[in-house]
Amino acid sequence: MNPFTYARAADVDDAVQLAAGSQAKYLGGGTNLVDLLRETLERPTALVDVTGLPSAIEERSDGSLLIGAAATNTAVAEHHSVRTRFPMLTRAISAGASAQIRNMATVGGNILQRTRCNYFYDHAGSRCNKRSPGQGCDAIEGANRNHAILGGSPSCVATHPSDMCVALVALGAVVHLQSTRGTRTLPLTDLHRLPETSPDQETFLKPGELITAVEIPALPFASDSTYRKVRDRASYAFALISVAAAIDVKDDIIQDVRLAFGGVAPKPWRAWNAEAALKGKPATLENFCVAAEAELSDASPLRDNGFKVALTNRTMVAVLDALVREKNGGSNP
Amino acid sequence: MPQTLSINGTDVPLPDDPRVSLLDLLRDHLQLAGVKKGCNQGACGACTVLLDGKERILSCMALAVQYEGRKVTSIEGLAANGTLHPLQQAFIDHDGFQCGYCTPGQICSSIGMVEELRRGVPSHVTDDLSAETIAFSREEIQERMSGNLCRCGAYNGIIAAISETHAKAVR
Ligand SMILES: Cc1cc2nc3c(=O)[nH]c(=O)nc-3n(C[C@H](O)[C@H](O)[C@H](O)COP(=O)(O)OP(=O)(O)OC[C@H]3O[C@@H](n4cnc5c(N)ncnc54)[C@H](O)[C@@H]3O)c2cc1C
Ligand code: SF4
Ligand code: FES
Ligand code: FES
């Protein structure tokens, strides 16, 4: 680890001031950043601890939920309104990491956690455009079973590892930001950048911008939503692929639907094409398959991860089928 | 006044260097070698300690300076007046270990787990998210303890020890 100074921010204004004008990094639970500091993949000169900033989960009169960025993953997952109104979010968080890590990890840090690509971590032995721009990417021709099938580029095919973010993009979450230049909001779907030719640029955040809160707009039909994660072992493993889903069916016709995928792309992947293919259609298995195809026909599988295309397709269809059956009391649509 | 954190009831000064992890503070600076360094990257649970006596965290991923003013309990702080914590005794009674390397983390973690169950925190295997209380089952213990690996594979004894202690506590 390179040396750095440490300061605990008293409030949001203090945090953005402390981080201004230096090579500072905000510190949440540290469950990703401490690793990156040890590996010298991050070399800040100052850490600004933001775990003391607002962490309340507030239910607002318009039905939205405002979650302070310092809320721990456990606090969000166990919150009554999250469990009952947005269960896909509780499901996604509790499918990630371990209880100890969820107790430490914050909402802000979870959103900005970095990829688990092994070549990114392997300084000594591998080339990586994200770590050393212009060097090349050893994953593209290498062991890429865990890498992206959607949204990658010839520069980088790393995936974003978060489970929580997959549910948040499906729910249309909006991120609240603050810097010394003021405040703004950004839909979470627009926060992460695709790699294109500069995979070292991972977000559209401006220098020193702090995530202060995440807002989940009211979405009544999300009360039956879910999240399904497929992984190599039953617990404590990153996703091979995952699906967050909510569907609103009336008289067998799909009124509205939300779908997002994890483990398949450099960002939490909102399945806009699949959603568009489903709206207004009868809720049948055939239509679920057509919609999955609409999202995945652009997929560019690599040497080792072709299985992800079929697995994402089947999982999306199965999750929608299960949600519709559950609402119909077990009967086939 | 020096800044401190409390370790097993004793105030100790924060390290001067903010790079020192809570794990290294415990083991290398305070010679509390019960807490173990398995992976030093969040993947094994051997370094689990308790915050405020009940919240389980990984000391390897924690910078010690972040925990100023907090109460940290390691395995050394669990026995009271020479009497083992009920979970420590249950691990012995049920052979919940073989080499013992993962055990301090397993025991701290299971204390944290029982507190989470009491609070009704749902897990990946909890069916009904709207339920206020969680049904205690082998499946729930397995899922909730998945952050603590045991290379010796003493899992059956560990689950038996936790189940018995829990059963006694609710009786
Ligand atoms: C063994 C292991 C297994 C894991 N498995 C999973 C898994 O299955 N699924 C999953 O989703 N995750 C998994 N994780 C990752 C874990 O969820 C993240 O490490 C965690 O969410 C990061 O949160 P944090 O608060 O600790 O972030 P930190 O490590 O503190 O910070 C991460 C990044 O966010 C920045 N940051 C933090 N807060 C803010 C803020 N408010 N504003 C701006 N920037 C900020 C930091 O500067 C840093 O760049 C795993 C981690 C480990 C170690
Ligand atoms: S996939 Fe991305 S992160 Fe992995 S080696 Fe290639 S450039 Fe680096
Ligand atoms: S040493 Fe901390 S999790 Fe392995
Ligand atoms: S008892 Fe040996 S690692 Fe668990």
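For every chain, the first residue of the written sequence is number 1, and numbering continues from 1 onward in sequence order. To read the labels, note that chains go from A and ligands from 1, taken in the order they are written. The predicted origin of the model limits local features to residues at a pLDDT of at least 70 and limits the giving and counting of side-chain atom pairs to 80 or more, whereas totals for whole chains, interfaces and linings rest on all residues. By convention in this description, side-chain values take in all heavy atoms of the structure and omit both hydrogens and water.

## Overview of the domain arrangement of chain A
In many reports, interface size means the accessible area that the parts give up when they come together. An automatic or database domain assignment supplies the residue ranges for each domain. As far as domains go, chain A holds domain 1 (5-51) and domain 2 (225-327). Here domain 1 of chain A and domain 2 of chain A have C-alpha centroids that lie 36 Å from each other.

## Focus on the site of ligand 2
For ligand 2, the set of nearby residues contains 14 residues, the closest of which are C117(A), C128(A), C137(A), C156(A) and V157(A). Amino acids are sorted into nonpolar (Ala, Val, Leu, Ile, Met, Phe, Trp, Tyr, Cys and Pro), charged (Asp, Glu, Lys and Arg) and polar (every other residue, Gly among them). Of the residues assigned to the shell around ligand 2, the class counts are nine nonpolar, three polar and two charged. The rule for a residue being near a molecule or strand is that one of its heavy atoms must lie within 4 Å of it.

## What to know about the environment of Y101(B)
All names here are of chain B. Secondary structure elements are taken from DSSP: a helix is a run of H or I of four residues or more, a strand is a run of E of two residues or more, and numbering for both begins at the N terminus. Among the secondary structure elements, Y101 is positioned in the loop between α2 (86-93) and α3 (103-119). Placed 71 residues apart in sequence, Y101 and L30 show a C-alpha to C-alpha distance of 19 Å. Residue contacts are defined here by distance: any two heavy atoms, one from each residue, within 4.5 Å place the two residues in contact. Once you skip the residues sitting within four places of it in the chain, Y101 turns out to touch K36, K37 and G38.

## So, the nonpolar core
Residues and elements named next belong to chain A. Residue types Ala, Val, Leu, Ile, Met, Phe, Trp, Tyr and Cys, when buried and joined through side-chain atoms within 4.5 Å, form a set referred to as a nonpolar core. Each residue gets one of three labels from its accessible area relative to the maximum for its type: buried under 20%, exposed over 50%, partly exposed in between, using a 1.4 Å probe on protein chains only. One finds V76, L89 and I111 to be the most contacted residues of the largest nonpolar core, which totals 41 residues. Among the secondary structure elements, those contributing two or more residues to this core are β5 (65-68), α3 (73-78), α5 (87-94), α7 (107-111), α9 (164-170), β6 (174-179), β8 (210-216) and β10 (241-250). It is α9 that provides the largest number of residues to this core, a total of seven residues. I241, F261, A277 and A292 belong to the second largest nonpolar core, which has 30 residues in total.

## Details of the site of ligand 1
Looking at ligand 1, there are 35 residues lining it, with Y26(A), T31(A), L33(A), T106(A) and D163(A) nearest. One chain alone does not account for the residues near ligand 1; they come from chains A and B. Any N or O atom pair separated by 3.5 Å or less is treated as a polar contact, with the protein-specific requirement of one donor-capable and one acceptor-capable atom, and with residues adjacent in sequence counted only for side-chain atom pairs. Contacts to ligand 1 include A97(A), whose backbone N or O atom sits 3.0 Å from an oxygen atom. Contributing elements (two or more residues each) for the shell around ligand 1: β2 (24-27), α7 and β8 of chain A. Of the residues that constitute the shell around ligand 1, the class distribution is 15 nonpolar, 15 polar and five charged.

## Details of the packing of helix α11 (residues 285-296) of chain A against helix α12 (residues 307-327) of chain A
Residues and elements named next belong to chain A. One way to put it is that α11 packs onto α12 with a least axis distance of 9 Å and a crossing angle of 145 degrees. Taken as a pair, α11 and α12 cross one another with a handedness that is right-handed. Between α11 and α12, the contacting residues are L285, F288, C289, A291, A292, E293 and L296 on the first element and V309, T312, N313, M316, V317, L320, D321 and V324 on the second. Split by residue class, the contact of α11 with α12 holds 11 nonpolar, two polar and two charged. Where helices are involved, their axes are fitted lines through C-alpha atoms of the stretch in contact, as for all axes, and angles between N-to-C directions lie from 0 to 180°. By definition, turning the near helix anticlockwise from the far helix through less than a right angle yields a left-handed crossing, and turning it clockwise yields a right-handed one.

## Here's the deal with the packing of aromatic side chains
What counts as a ring pair is set by centres within 6.5 Å for rings of Phe, Tyr and Trp (its six-membered ring), and what kind of pair is set by the plane angle: stacked under 30 degrees, edge-to-face over 60, tilted for all other angles. Counted by the stated rule, this structure contains one aromatic pair over all chains. The residue whose ring lies beneath K36(B) is Y101(B), and the NZ or CZ to ring-centre distance is 5.9 Å. Two thresholds decide whether a charge sits over a ring: the Lys NZ or Arg CZ must be within 6 Å of the ring centre and within 35 degrees of the ring normal.

## Observations regarding the packing of α2(B) against α3(B)
Residue and element names in this part refer to chain B. One can describe the packing of α2 onto α3 by two numbers: an axis separation of 10 Å at closest approach and a directional angle of 130 degrees. Classified by the angle between their axes, α2 and α3 sit oblique to one another. Every pair of crossing elements has a handedness; the one defined by α2 and α3 is right-handed. Taking contact as the criterion, the partners of L87, Q88 and F91 in α2 are, on α3, T103, Q106, I107, S110 and I111. An angle below 35 degrees is treated as roughly parallel, one above 145 as roughly antiparallel, one from 65 to 115 as roughly perpendicular, and anything else as oblique.

## Here's the deal with the domain arrangement of chain B
All names here are of chain B. Taken domain by domain, chain B consists of domain 1 (4-77) and domain 2 (86-166). Using only C-alpha atoms to locate each centre, domain 1 and domain 2 end up separated by 21 Å. Of the residues lining the interface, 17 residues belong to domain 1; the matching set on domain 2 comes to 17 residues. The term buried area refers to how much accessible surface (probe radius 1.4 Å) is lost by two components on association, counted for both of them together. Both faces considered, domain 1 and domain 2 share a buried interface measuring about 1,300 Å² in area, 57% of it formed by carbon and sulfur atoms. For this analysis, a salt bridge means a side-chain nitrogen from Lys or Arg found within 4 Å of a carboxyl oxygen belonging to Asp or Glu. Viewed at the interface, domain 2 and domain 1 are joined by one salt bridge.

## Things to note about the environment of F136(B)
All names here are of chain B. Its location among the elements puts F136 in the loop between α3 and α4 (138-144). The partly exposed category is assigned to F136, whose relative accessible area is 28%. When the C-alpha atoms of F136 and H166 are compared, they prove to be 8.8 Å apart, with 30 residues separating the residues in sequence. Not counting the four nearest positions on each side in its chain, F136 is found in contact with M113, L117, I141, I162, S163 and H166.

## Considerations on the interface of chain B and chain A
Between chain B and chain A, the contact holds 41 residues from the first and 38 residues from the second. Summing both partners gives a buried area of about 3,100 Å² for chain B against chain A, and 51% of it is carried by carbon and sulfur. E78(A) is paired through a salt bridge with R119(B); the nearest N and O atoms lie 2.7 Å apart. Here chain B and chain A share 21 residue pairs in polar contact (both at pLDDT 80 or more) between them. Elements with a contribution of two residues or more to the side of chain B that touches chain A: β4 (55-58), α3 and α4 of chain B. It is β4(B) that contributes the most residues to the side of chain B that touches chain A, four residues altogether.

## With respect to the sheet that holds strand β3 (residues 46-49) of chain A
Residues and elements named next belong to chain A. Strand pairing follows a simple DSSP-based rule, namely that at least 2 bridges must link the two strands. If you trace the three strands from one edge of the open sheet to the other, you get β1-β3-β2, paired in parallel fashion. Every interior strand has two partners, whereas the edge strands, β1 (5-8) and β2, have only one. Direction aside, the axes of adjacent strands within the sheet are offset by 25 degrees on average. Bridge analysis of β2 against β3 gives four bridges, and the strand direction is parallel.

## What to know about the pairing of strand β11 (residues 253-262) of chain A
Residues and elements named next belong to chain A. Within β11, seven of the 10 residues are buried, which leaves it mostly tucked inside the rest of the structure. Here nine bridges tie β10 to β11, and the two strands are oriented antiparallel to one another. Bridging from a neighbouring strand, V243 pairs with F261 of β11. Between the antiparallel neighbours β10 and β11 lie two residues, among them D251 with a positive phi of about 50 degrees. Note: β11 against strand β12 (residues 269-270), two bridges, orientation antiparallel. Looking at the pairing, F261 lines up with W269 of β12.

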